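# A structural walkthrough
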Amino acid sequence: MESKNIEEERYYRARKRMEEIKGFYMNLRSFIMVNFLLIAINLITSPHHLWFYWPLLWWGIGLVYHGIKVFNYMPFFSKDWEERKIKKFMEKDEQKKHTWE
C-alpha cells in the first residue's frame, strides 16, 4: 500500500515537472513568434524609429527568469535551498523553545 502511494507521489512530481518545462517552451515559442511579428511591424511602419527592442528586452528578461526557475539554475531560492532554510528555522525555533523551559 505504501509503495503505491510513493509511486503516485513520484508520478505527480514528474508530471508537475513536465508541465513546468512544457510551460517554459510554450512561453519561448510565443516570445519568438510575437517578437518576430513586432520587429516586422516596426520595420515596415516606422523603420526610422525602432521600438521593437523594448518588448523584446523586458519579455526576454522574464523569459530568462522563467528558464532559470524551471531548469533550477538558481543557486539561491532552489528547492534544496528552501528545504535547508526551513530545517534551519525549525531548529532555531526548537532551540528557543528549550531555552525558555
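Fair warning: this is a prediction, and the values are worked out from it, not measured in the lab. (Residues numbered from 1 in each chain as written. Predicted model: local features only at pLDDT ≥ 70, side-chain atom pairs only at ≥ 80, totals over all residues. Heavy atoms only, no water.)

Let us look at the packing of aromatic side chains. If you walk through the whole model with that rule in mind, you get 6 aromatic pairs. Taken together through their ring pairs, the aromatic side chains of F24, Y25 and F71 make up a single cluster. (Phe/Tyr/Trp six-rings, centres within 6.5 Å; stacked < 30°, edge-to-face > 60°.)

Here we take up the packing of helix 1 (residues 2–45) against helix 2 (residues 53–70). Put simply, helix 1 and helix 2 touch, their axes get as near as 10 Å, and they point 165 degrees apart. With respect to each other, helix 1 and helix 2 are oriented roughly antiparallel. For the pair helix 1 and helix 2, the crossing hand works out as left-handed. Residues R17, E20, I21, G23, F24, N27, L28, S30, F31, V34, N35 and L38 of helix 1 form the contact with helix 2, whose participating residues are P55, L56, W59, G60, L63, H66, G67 and V70. Considered class by class, the residues forming the contact of helix 1 with helix 2 number 11 nonpolar, 7 polar and 2 charged. (Axes fitted to C-alpha atoms, helices over the stretch in contact; angles between N-to-C directions. Helix = DSSP H or I, 4+ residues; strand = E, 2+ residues; numbered from the N terminus. Parallel < 35°, antiparallel > 145°, perpendicular 65-115°, else oblique. Left-handed = near helix turned anticlockwise from the far one by under 90°. Contact = heavy atoms within 4.5 Å. Nonpolar A, V, L, I, M, F, W, Y, C, P; charged D, E, K, R; others polar.)

In this model, helix 2 (18 residues) spans 25 Å end to end at C-alpha, consistent with the 26 Å of a helix rising 1.5 Å per residue. Those residues of helix 2 that fall on the buried side of the exposure criterion are G60, L63, G67 and V70. Down the axis of helix 2, the sector holding all buried residues measures 90 degrees, keeping them to one side. Opposite its buried face, helix 2 presents the exposed residues W58 and K69, each directed more than 90 degrees away. Looking at the buried positions of helix 2, the neighbouring elements they touch are helix 1. Positive backbone phi, approximately 55 degrees, marks N72, located one or two places after helix 2. (Expected span 1.5 Å × (residues − 1). Buried < 20%, exposed > 50% of the residue type's maximum accessible area, 1.4 Å probe, protein only. Arc of directions from axis to C-beta.)

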